[in-house]
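Secondary and tertiary structure notes
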Amino acid sequence: MAPAVRGLKSLVWQKLKSSVFDDCRKGEEWKIILLDDYTTKLLSMCCKMTDLLAEGITVVENVYKNREPVPHMKAIYFITPTKKSVDGLIDDFITKSSSRYKAAYVYFTDFCPDNLFNKIKSSCAKSIRRLKEINISFFPYESQVFTLNVPDAFYRCYSPTLEKTKDKDAVMQIMAEQIVTLCATLDENPGVRYKSGPSDKASKLAQLVEKNLENYYKTDEKSQIKAKTHSQLIIIDRGFDPVSTVLHELTFQAMAYDLLPIENDTYKYKTEGPAGKEREAILEEDDELWVKIRHKHIADVIEEIPKLLKEVSSKRKATEGKLSISALSQLMKKMPHYRKEISRQVVHLNIAEDCMSKFKSNIERLCKAEQDLALGTDAEGQKVKDSMRVLLPVLLNKSHESYDKIRAILLYIFSTNGTTQENLDKLIQNVQIESDSDMIRNWKCLDVPVISSSAAQQHKHPRRDRSSEETFQLSRWTPVIKDVMEDAIENKLDSKEWPYCSQCPPTWNGSGAVSARHKPRASYKDERKSSARLIIFVIGGITYSEMRSAYEVSQAYKSCEVVIGSTHILTPKRLLDEVKSLSKPKDMVCTKDE
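Structural notes, computed from the coordinates. Every chain begins its residue count from 1, and numbering advances along the sequence as written. Local features are withheld for residues below a pLDDT of 70 in this predicted model, meaning they are given only at 70 or higher, and side-chain atom pairs are given and counted only at 80 or more; totals for whole chains, interfaces and linings count all residues. Side-chain figures throughout are based on the complete set of non-hydrogen atoms in the structure, without hydrogens or water.

1. Concerning helix 20 (residues 544–556)
In an α-helix there are 3.6 residues to a turn, and that puts residues three or four apart on one side. Secondary structure elements are defined from DSSP: runs of H or I of at least 4 residues count as helices, runs of E of at least 2 residues count as strands, and each element is numbered from the N terminus. Expected helix span is taken as 1.5 Å per residue step, with the number of steps being one fewer than the number of residues. Taking 1.5 Å per residue, 13 residues should reach 18 Å; helix 20 reaches 19 Å between its end C-alpha atoms and fits that length. Buried means the residue's accessible area, taken with a 1.4 Å probe over protein chains only, is under 20% of the maximum for its type, while exposed means over 50%, and partly exposed covers the values in between. Extensive coverage of helix 20 is indicated by the burial of 10 of its 13 residues. Buried within helix 20 we find Tyr544, Ser545, Glu546, Met547, Arg548, Ser549, Ala550, Tyr551, Val553 and Ser554.

Right, dumping it as structure tokens:
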């Protein structure tokens, strides 16, 4: 059974099924699959072991490791075209007599360079039954969110130490190739646009993507140039909206990832009682409750989960009341379902209570100041006359940790379009954050003014009026990217600010979405045939609030699906650490990758 989740994850799984598993299927024959680090992560994101079993896979192995030979079985190699992975493949068939497997079916995630191809040809060609490139080099993180497979992308894009090196161009090229594999998986040849200035990163990447798309659609199986589809791909540089990266968010997913030690989407908690056990829960889209509440405000979540718990226990009690044999057998059948439902609700209740205890102790006081600085107006809509007066109480409060103070200082700097050198030095000295001062100073590498100058007038995207929308007082800020999504769908983006790369941009039919806003929803497939996709790519990371915006906008404009992606996903703390590292030498930051 394929995963129930729609969107990117199921698209990737369907593509893998048809390109890999169906391609080498032969009767009831069982096979082994060999993966490298990237493909292990990719598969774990879009299928479960039961799905692989259904495709005739009995064993999953790591291509890098030493393994027991199984000479009577055929092996599928689903690997990246890198030297390390190819060497693992060649080692398995180095001599005919000591081959580890009966034969190899090789599927590369991406284009295989000639030198590696020739190496395979000269070493083990006789053992290989298939060799294909299937063009998937991105991670489907959620149904509408993707990330790329680019280690240290932030450092390699923004560090001044790499300014004049080939590394910067190389990373742009890798990103462009991977974005094209996303478009190919979606079967889109979109019009490519970018946000112009102050940096040229977005325009450079957009030109590379346009060129790679042209090449890809020239050389696909049909060998004809695919016309532009009714979709747009918009490329934006991270410095475009610095505010959303450091603000405290109070929607469930964003708040949990910001305040709690969630790593690899895994939340650890203790069960209640004196002998409380350590438990782990993975936050993923297979959990329907997580999908339902992850974008809700924490205040709503705190109300909703106890209600759901009551509901389930009352269902159980209703069944337990009739103690006939048939009622009991029905109850026994439903028990695992109830147990699973309740344990998930308990997990989310734990997360929500964890968030609230952090919020009540410190964050609540911070949020008001942050919102006033970010918006330049207070909760009553009055203009903030002196940003420093909003900032000072936060800095003088001894209970706030230095990361939170740095976030507040940054919001002050962003709101005033930079400050004076003297003022910045004073702030850093008074808050005693000298050792972390690069978390503030290095924003200049992202073309965000830290020290104000006449040249530092940043052109900000005109904000949409949201005064009529109902919001919580401490959640008044809306990520700028949400405005961009809505403006793009309604065809309101200024073409000087957001130029197209191609000479003849496609007709954009996302604007039909305005009239379609309140139409009843057609079935997923029919609806997507008639509608456009808006793909947003941000160089240098996206926040959980920006991911949420993609779902909210898709929900509001029924005929346009918004897919958002980036090099990686950010939490405020991770971003500040990455900004700090920009001034360090390369060998102290970059992990070696192939």
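What follows continues from the structure just given.
2. Examining the nonpolar core
Residues belong to one nonpolar core when they are buried, are Ala, Val, Leu, Ile, Met, Phe, Trp, Tyr or Cys, and are joined through side-chain atoms within 4.5 Å. Counting 155 residues, the largest nonpolar core has Leu16, Ile235 and Trp443 as the members making the most contacts within it. It is helix 13 (residues 325–375) that provides the largest number of residues to this core, a total of 13 residues. Not counting the four nearest positions on each side in its chain, Leu16 is found in contact with Phe21, Leu43, Cys46, Phe78, Ile134 and Ile136. Counting 21 residues, the second largest nonpolar core, distinct from the first, contains Val70, Tyr77, Ile79 and Ala104. Note on contacts: a residue pair is in contact if any heavy atoms of the two residues lie within 4.5 Å.

3. Re the pairing of strand 9 (residues 232–237)
Of all six residues making up strand 9, six are buried, and the element is well covered by its neighbours. Of the two faces of strand 9, the one holding Gln232, Ile234 and Ile236 and the one holding Leu233, Ile235 and Asp237 are both buried throughout. Pairs of strands are assigned from DSSP output, requiring at least two bridges between the strands. Sheet analysis places strand 8 (residues 191–194) next to strand 9, joined by four bridges and oriented parallel. Within strand 9, the position partnered with Val192 by the bridge is Leu233.

4. Considering the environment of Leu34
By secondary structure assignment, the location of Leu34 is in strand 1 (residues 31–35). A relative accessible area of 0% means that Leu34 is categorised as buried. Taking the C-alpha atoms as reference points, Leu34 and Glu61, 27 residues apart in sequence, are found 4.8 Å from one another.

5. With respect to the environment of Ser123
Locating Ser123 in the fold gives a position in helix 5 (residues 114–124). Separated by 33 residues in sequence, Ser123 and Ile90 have C-alpha atoms that sit 6.6 Å apart. Not counting residues up to four positions away in its chain, the partners in contact with Ser123 are Ile90 and Phe93.

6. Digging into empty space enclosed by the protein
Both site types are read off a 1 Å grid over the protein atoms alone. A 1.4 Å probe that fits but cannot get out defines a cavity, while an open set with protein on both sides within 12 Å along at least five of seven lines defines a pocket; lining residues have an atom within 4 Å of a point. Grid points are joined across faces, edges and corners, and a volume is the space filled by probe spheres set on the points. Scanning the entire structure with this criterion turns up two cavities of 30 Å³ or more. Considering only enclosed or pocket space, the largest cavity measures out at about 100 Å³ in volume. If you trace the largest cavity, you find 13 residues lining it, with Glu249, Ala254, Thr543, Tyr544 and Pro572 closest to the centre. Counting only elements with at least two residues in the lining of the largest cavity, the list comes to helix 9 (243–246), helix 10 (252–259) and helix 20. Among the elements that line the lining of the largest cavity, the one with the most residues is helix 10, at three residues. Residues are grouped as follows: nonpolar covers Ala, Val, Leu, Ile, Met, Phe, Trp, Tyr, Cys and Pro; charged covers Asp, Glu, Lys and Arg; every other residue, Gly included, is treated as polar. Tallied by class, residues from the lining of the largest cavity come to six nonpolar, five polar and two charged. Taken domain by domain, the lining of the largest cavity gets at least three of its residues from each of domain 2 (140–241 + 479–505 + 529–588) and domain 3 (252–361). Along the lines of polarity and charge, the residues of the lining of the second largest cavity split into four nonpolar, no polar and four charged. Domain start and end points were adopted from an automatic or database domain assignment.

Don't take any of this as a statement about function, it's just geometry.
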